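# Structural description and commentary
Next come the chains, spelled out residue by residue.
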Amino acid sequence: MCGIVGYIGKKNAVPLLIEGLKALEYRGYDSSGISVIDKKIETIKASGKIVNLIDKLFKRPINGNIGIGHTRWATHGEPNEINAHPHQSREVAIVHNGIIENAKEIEAFLAKNGYKRKSQTDSELIAHLINYFYNGNLLNACLKAVHMLNGSFAVGVICRREKKLIGIKYKSPLIVGIGNGENFIASDVAPLLPYTNRFLFLEDGEIAEIDEDNIRIFDFRGSEVKKDISTVDWTKEQAEKGGYKHFMLKEIAEEGDAVRNTLLGRIDDNISLEEELKWNGKFINNINKVVLVACGTSYYAALVGRYILQNVAHIPATAEVASEFRYENILLDRNTLFIVISQSGETADTLESMSYAKSQNIPTLSIVNVQGSSIARMSDYVLYTHAGPEISVASTKAFVSQLAILYLFTLFLSRTKRTLNNQQLKDYTEELLKIPDKINETFEINLQKVQNIAPYYSQFKNYLYLGRGILYPIALEGALKLKEISYLHAEGYAAGEMKHGPIALIDKTTPSVFLIPPSPLLLNKTLSNIKEVSSRKGEIIAVATDKYEKIEDAGLVLTTPSTDLIFSPFLYIVPLQLFAYSIANYLGYDVDHPRNLAKSVTVE
Ligand code: F6R
């Protein structure tokens, strides 16, 4: 939530900050603003999306070689211009991502010292606090201020009297980009890819003091910390729209490649995760339970993971929503493997859940897309998905890449634990390798079709998504996609549970999207559910492999190439993502920036 970017160098910071904010807009788009140092600190802010800020900059251009920018997802205070960042206190301006939990206390302290806040934000207090402590050395003022702050804060700071940019990290993400005669800070690597692929990943409790040629990192006690430079293999082209109308459509189109890249180098004759995980046979054989924890779309990937770990590797597994898990104090025994899944690697509840698992001395593995993110760094082991930057707020290619890792990992455990024989392993691996092409084919088959039917299906206000077994999480994910980008109410349900309540909703105004399992046993049960809906005049949309494309009573059938039931999640999600996309696009919504949402949920 909230995106931060900062620049120090010889160029005019303004275009860089604006481009950076555009790349960070997925983190929040309630308001935005920039400050640069000219003779004094110049600030321009606007409520709403970054285009509004750009409009204002046209009318009143500003310049400077040092600057900070912010795009906001509102927590404290309405999303208006006064509450927009940067916040300034005399010589100091700051941008902040996070929440200050002891804001009242700090406000009282500052009030006694003559400071009054103008906005309703907790963030403004940070500016006043740093200004209060400022005595000719910005780093020292920041070091004093951080000791008074509770909560989470990634902060960018500039001061009119110093040619410095300061970055502070505590429980919210912040990275430093290393340039040539210029340096940067940002919430993540995406906005900096046009300028560098060399980064310093700050840990919690660290402050970076940056000028155009030097970067020094200190801990909150003021001791200098030496850090290794990390390079990231993403390119700037990956973070651009490449001719697509929306990032979401581009990212769905990239799903085949995202899965292929995630599998690449991890399957030779067999599944080979040994290199990355460095686990020995004893460690693996001791794992007798897997607990998967995540939020949102990543949680639905975890549900698929739970299913395959149990049904393919025969390892007991549970999947938990991170925001619930972390307050349940679930007892974890020593032979449990704790897996967290996160595209951003920054989701606060997921991070805290992992921190709980670590406090119980349980081995932790993370499945993460953003390299060098907090979750990746905190976990004992990490398996990166190689989906590339995912910019659209609604997650698509990250989801199928998470599935790819979960399948690889399940086959890896099955091989070591010998829960599958060689032939079974070979068959599963061969099918997994065919998935990228089949995803591409699914995209091609359905793109035009969903665009044609969007005007008709956008008239309905309520949808039910129904799936069984391994397709139940896909029903949940399909419904989530529809509601988050097209604002139509959609509920995902286990098809067998329909009779226990949701069937009451069925009439001609509520279509049901049935995921038809490519398995004779489950197929018949699902066909009976379809009859129950159609006899109550409910419209039917079916998703099925081409083998089962004739579904009686279905007004629309979205098809995929044939695959085994166990691999069907990879393919069935594609038409559901396209269906949601086409409806949202037809209704004229800002698909990549759905209202009230932010891509990276770094507050609890
Ligand atoms: C939905 C979506 C969210 C995220 C969730 C977790 O399209 O993107 O539900 O999946 O906020 O985010 P990560 O995976 O970054 O932890």
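Values in this document were obtained by computation on a predicted structure and should not be read as measured data.

### Quick word on the overall build of the chain
Of the regular secondary structure elements, the chain holds 18 helices and 25 strands. The C-alpha atoms of the chain give 25 Å as radius of gyration, which agrees with the globular expectation for 604 residues (25 Å, within 12%). Principal-axis analysis of the C-alpha atoms places the extent of the chain at approximately 75 × 55 × 40 Å. Buried positions account for 61% of the 604 residues belonging to the chain. Of the roughly 23200 Å² that the chain leaves accessible, carbon and sulfur atoms contribute 48%. A distance of 3 Å separates the average location of the 66 positive side-chain charges in the chain from that of its 69 negative side-chain charges.

### A closer look at the sheet that holds strand S7 (residues 151–159)
Taken together, the 7 strands give an open sheet; going across it, the order is S5-S6-S7-S8-S12-S13-S14, and neighbouring strands pair in antiparallel fashion. With one partner strand each, in any of the chains shown, strand S5 (87–89) and strand S14 (224–225) form the two edges of the open sheet. Bridging between strand S12 (residues 206–210) and strand S13 (residues 215–219) involves 5 bridges; their strand directions are antiparallel. Bridging across to S13, Glu209 finds its partner in Arg216.

### Looking at the layout of surface pockets
In this structure, the second largest pocket spans a volume of roughly 460 Å³. Looking at the second largest pocket, it is lined by 22 residues, and the ones nearest its centre are Glu19, Lys22, Ala23, Ala239 and Phe247. Broken down by secondary-structure element, the contributors of at least two residues to the lining of the second largest pocket are helix H1 (13–24) and helix H2 (50–59). Here the element with the most residues in the lining of the second largest pocket is H1; it accounts for 4 residues. Its residues placed into classes, the lining of the second largest pocket shows 11 nonpolar, 2 polar and 9 charged.

### Comments concerning the site of the ligand
Residues in contact with the ligand amount to 14 residues; listed here are only the nearest, Ser298, Ser342, Ser344, Thr347 and Glu484. Take Gln343: an N or O atom from its main chain is 2.7 Å from an oxygen atom of the ligand. The backbone of Ser395 places a nitrogen or oxygen atom 2.9 Å from an oxygen atom of the ligand. Out of a free accessible area of 410 Å², the ligand has 90% covered by protein chains. For the shell around the ligand, the residue count by class is 4 nonpolar, 8 polar and 2 charged. Counting contributing residues, the shell around the ligand receives three or more from each of domain 2 (247–439) and domain 3 (444–586).

### Remarks on the packing of helix H4 (residues 123–133) against helix H5 (residues 138–146)
Between H4 and H5, the least distance of the axes is 8 Å, while the angle of their chain directions is 120°. Taken together, the axes of H4 and H5 lie oblique to each other. Between H4 and H5 lies a crossing whose hand is right-handed. Contacts from Leu129, Ile130 and Phe133 of H4 reach H5 at Leu138, Ala141, Cys142, Lys144 and Ala145. Looking at the contact of H4 with H5, its residues break down into 7 nonpolar, no polar and 1 charged.

### A short note on the pattern of salt bridges
Overall, the coordinates contain 31 salt bridges when judged by the stated rule. With its nearest N and O atoms 3.0 Å apart, the salt bridge here joins Lys10 to Glu212. Of this pair, Lys10 sits in the loop between strand S1 (3–8) and H1 while Glu212 is found in the loop between S12 and S13, placing the two residues 202 residues apart along the sequence. A relative accessible area of 59% means that Lys10 is categorised as exposed. Residue Lys164 is joined to Glu209 by a salt bridge in which the shortest nitrogen-to-oxygen separation is 3.7 Å. Residue Lys164 is found in the loop between S7 and strand S8 (165–170), and its partner Glu209 is found in strand S12; the two are separated by 45 residues along the sequence.

### Looking at the domain arrangement of the chain
Partitioning the chain into domains gives domain 1 (3–240), domain 2 (247–439) and domain 3 (444–586). With centres defined by C-alpha atoms, the gap from domain 2 to domain 3 works out at 26 Å. Between domain 2 and domain 3, the buried area comes to about 2400 Å², and carbon and sulfur atoms account for 79% of it. There are 0 salt bridges connecting domain 2 and domain 3. Applying the counting rule to domain 2 against domain 3 returns 7 residue pairs in polar contact (both at pLDDT 80 or more). Elements supplying a minimum of two residues to the side of domain 2 that touches domain 3: helix H6 (247–253), helix H7 (255–263), helix H10 (296–311), helix H14 (397–417) and helix H15 (422–457).

### Describing H2
Residues of H2 that are buried: Ile50, Leu53 and Leu57. Buried positions in H2, seen along its axis, are confined to an arc of 55° and lie on one side of it. In H2, those exposed residues whose orientation departs by more than 90 degrees from the buried face are Val51, Phe58 and Lys59. On its buried side, H2 packs onto H1, strand S2 (31–37), strand S3 (41–47) and strand S4 (66–72).

### Regarding the state of the cysteines
Under the definition given, this model contains 0 disulfides. Just so you know, Cys159 is unpaired, no disulfide at all, and the nearest cysteine sulfur is the one on Cys142, 8.9 Å from it. Here Cys295 stays free of any disulfide, with the sulfur of Cys2 as its closest cysteine sulfur at 18 Å. Residue classification places Cys295 among the partly exposed residues on the basis of a relative accessible area of 23%.

### What to know about empty space enclosed by the protein
Scanning all chains against the criterion turns up 6 cavities of 30 Å³ or more. Lining the largest cavity are 25 residues, and of these Tyr26, Arg27, Asp188, Ser344 and Val370 sit closest to its centre. Here the residues of the lining of the largest cavity sort into 11 nonpolar, 7 polar and 7 charged. Counting contributing residues per domain, the lining of the largest cavity is built from domain 1 (3–240) and domain 2 (247–439), each supplying no fewer than three.

### Quick look at the environment of Lys461
With respect to the element layout, Lys461 can be found in the loop between H15 and strand S21 (462–467). Residues Lys461 and Lys226, 235 residues apart in the sequence, show an inter-C-alpha distance of 56 Å. The contact partners of Lys461, leaving out residues within four places of it in the chain, are Leu488 and His489.

### Comments concerning the packing of aromatic side chains
Under the definition given, this model contains 28 aromatic pairs. Taken together, a centroid distance of 5.2 Å and an interplanar angle of 85° make the contact between Phe109 and Tyr132 edge-to-face. With a gap of 23 residues between them, Phe109 in helix H3 (residues 103–112) and Tyr132 in helix H4 connect regions that are remote in the sequence. By the ring-pair criterion, three or more aromatic residues cluster together here, those being Tyr456, Tyr457, Phe460, Tyr463, Tyr465 and Phe579. The ring of Tyr487 carries the charged tip of Arg595 above its face, separated from the ring centre by 3.8 Å.

Criteria and thresholds
- Residues numbered from 1 in each chain as written.
- Predicted model: local features only at pLDDT ≥ 70, side-chain atom pairs only at ≥ 80, totals over all residues.
- Heavy atoms only, no water.
- Helix = DSSP H or I, 4+ residues; strand = E, 2+ residues; numbered from the N terminus.
- Rg over C-alpha atoms; globule rule 2.2 N^0.38 Å.
- Buried < 20%, exposed > 50% of the residue type's maximum accessible area, 1.4 Å probe, protein only.
- Areas by Shrake-Rupley, 256 points an atom, 1.4 Å probe, with all protein chains shown as cover.
- Lys, Arg positive; Asp, Glu negative; His and termini not counted.
- Charge placed at Lys NZ, Arg CZ, Asp CG, Glu CD.
- Pairing = 2+ DSSP bridges.
- 1 Å grid on protein atoms, 1.4 Å probe; cavity = no way out; pocket = protein on both sides within 12 Å on 5 of 7 lines; lining within 4 Å.
- Points joined across faces, edges and corners; volume = space filled by probe spheres on them.
- Nonpolar A, V, L, I, M, F, W, Y, C, P; charged D, E, K, R; others polar.
- Near = heavy atom within 4 Å.
- Polar contact = N/O pair within 3.5 Å; in protein donor to acceptor, adjacent residues only side chain to side chain.
- Domains from an automatic or database assignment.
- Axes fitted to C-alpha atoms, helices over the stretch in contact; angles between N-to-C directions.
- Parallel < 35°, antiparallel > 145°, perpendicular 65-115°, else oblique.
- Left-handed = near helix turned anticlockwise from the far one by under 90°.
- Contact = heavy atoms within 4.5 Å.
- Salt bridge = Lys/Arg side-chain N within 4 Å of Asp/Glu carboxyl O.
- Buried area = accessible area lost by both parts, 1.4 Å probe.
- Arc of directions from axis to C-beta.
- Disulfide = S-S within 2.5 Å.
- Phe/Tyr/Trp six-rings, centres within 6.5 Å; stacked < 30°, edge-to-face > 60°.
- Lys NZ or Arg CZ within 6 Å of the ring centre and 35° of its normal.

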